Amino acid sequence: SFSCTNRDNTVADPKTITDQILEDKQFGILRAAMTYAEAGDALKAANITFFAPNDAAFQNSGLTEAAIRSLPKEQVKNMLLYHVLYSPVSLSTIPTGVYTVQTASQGVAYLNNAGAGTVYINNAKVTQPDVKAANGVIHIIDHVLTPSSGSLLATIQSNSTLTFLAAALKRISTV
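Calculation notes
- Residues numbered from 1 in each chain as written.
- Predicted model: local features only at pLDDT ≥ 70, side-chain atom pairs only at ≥ 80, totals over all residues.
- Heavy atoms only, no water.
- Helix = DSSP H or I, 4+ residues; strand = E, 2+ residues; numbered from the N terminus.
- Buried < 20%, exposed > 50% of the residue type's maximum accessible area, 1.4 Å probe, protein only.
- Contact = heavy atoms within 4.5 Å.
- Areas by Shrake-Rupley, 256 points an atom, 1.4 Å probe, with all protein chains shown as cover.
- pLDDT = per-residue confidence, 0-100.
- Pairing = 2+ DSSP bridges.
- Salt bridge = Lys/Arg side-chain N within 4 Å of Asp/Glu carboxyl O.
- Polar contact = N/O pair within 3.5 Å; in protein donor to acceptor, adjacent residues only side chain to side chain.

Novice: Hey, could you go over the overall build of the protein chain for me, with residue numbers and the actual values?
Specialist: A count of helices and strands for the protein chain gives seven helices and seven strands. Per-residue burial over the protein chain gives 37% buried out of 175 residues. Relative to all contacts within the protein chain whose residues are 6 or more apart in sequence, the contacts with residues 24 or more apart total 58%. For the protein chain, the exposed area adds up to about 10300 Å²; of that, 54% sits on carbon and sulfur atoms.

This is the structure we're talking about:
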């Protein structure tokens, strides 16, 4: 038999990235960091991409809520803004290869589409891509992003798997 129930079948307005972080239980540490750094408004900006570390990502990176609260607020805000791009990027639109992107913190990150749906930003793997939000898109990642310090050459030199590239770049820069 058919029964009439009084349900509201209208779709609610899509939530902003900030709203989703505040409401989704996998973002407890991120929510605490965002609140502590007063970065919620920055994540309400229009047309952004947010690489959102979930609680497992913070744990993978050795960061606890207490560790985050021990840092200066401005440093935490810059760390969060390093996860933001000022344009909405769907992972399906990224061609295979490695690309540099400028983050909202004025840092540089490396986007790597390894093919077969596997995308990394720096060392963090996107585990849940293309979560739609009213003001952009969220990609959930498995590590917290940390800006590289120093030059690209210094970053390459510090990576033991890139020794030949480092040697070649060093040779070119001394010529």
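Novice: Just give me the short version of helix 5 (residues 73-81), but keep the residues and values in it.
Specialist: An α-helical turn contains 3.6 residues, so any two residues separated by three or four positions project in the same direction. Inspection of helix 5 places Val-76, Met-79, Leu-80 and Leu-81 among the buried residues, and these make up the whole buried set. For helix 5, the secondary structure elements touched by its buried residues are helix 2 (28-36), strand 1 (48-53), helix 3 (55-60), helix 4 (65-69) and strand 2 (84-85).

Novice: Give a detailed account of the confidence of the model for the protein chain, specifying residues and quantitative values.
Specialist: Here the protein chain shows a mean pLDDT of 85. Residues at 70 or above account for 77%. For the protein chain, the element scoring lowest by mean pLDDT is helix 6 (residues 152-157), at 52; strand 1 scores highest, at 98. Under a pLDDT of 50 for its full length, residues 5-10 has, in the predicted model, zero contacts with residues more than four places off or in other chains.

Novice: Kindly report on the pairing of strand 5 (residues 118-121), identifying the contributing residues and their values.
Specialist: Only one face of strand 5 is covered, namely the one carrying Val-119 and Ile-121; the face carrying Thr-118 and Tyr-120 has none of its residues buried. With four bridges connecting them, strand 4 (residues 108-115) and strand 5 associate as antiparallel partners. Its bridge partner lying in strand 5, Gly-115 is registered against Thr-118. Connecting the antiparallel pair strand 4 and strand 5 is a turn made up of two residues, with Ala-116 showing a positive phi of about 55°. One ladder, built from two bridges, connects strand 5 with strand 6 (residues 124-133); its direction is antiparallel. Considered in strand 6, the bridge of Ile-121 is made with Ala-124.

Novice: Give a detailed account of the sheet that holds strand 1, specifying residues and quantitative values.
Specialist: Strands sit in the order 2-1-7-6-5-4-3 across an open sheet of seven strands; the sheet is mixed. Strand pairing shows two members of the sheet lacking a second neighbour, strand 2 and strand 3 (97-102), which therefore form its edges.

Novice: Please give an account of the pattern of salt bridges that cites residues and values.
Specialist: Opposite charge on two side chains makes pairing possible when the charged atoms of those side chains draw close. Following the criterion strictly, the structure yields three salt bridges and no others. Residue Lys-15 is joined to Glu-23 by a salt bridge in which the shortest nitrogen-to-oxygen separation is 3.6 Å. Put simply, Glu-65 and Arg-69 hold a salt bridge, and the shortest N to O gap is 3.2 Å. With Glu-65 and Arg-69 both in helix 4, this residue pair falls four residues apart, about one helical turn. The partly exposed category is assigned to Arg-69, whose relative accessible area is 41%.

Novice: Give me the lowdown on the side chain of His-139, citing residues and values where you can.
Specialist: For His-139, the location among the structural elements is in strand 7 (residues 136-141). The exposure class assigned to His-139 is buried, which follows from its relative accessible area of 0%. Here Asp-130 takes part through its backbone nitrogen, which lies 3.0 Å from a polar atom of the side chain of His-139. For His-139, the residues in contact, after removing those within four places along its chain, are Thr-49, Phe-50, Phe-51, Ala-52, Val-89, Ser-90, Leu-91, Val-126, Gln-128, Pro-129 and Asp-130.

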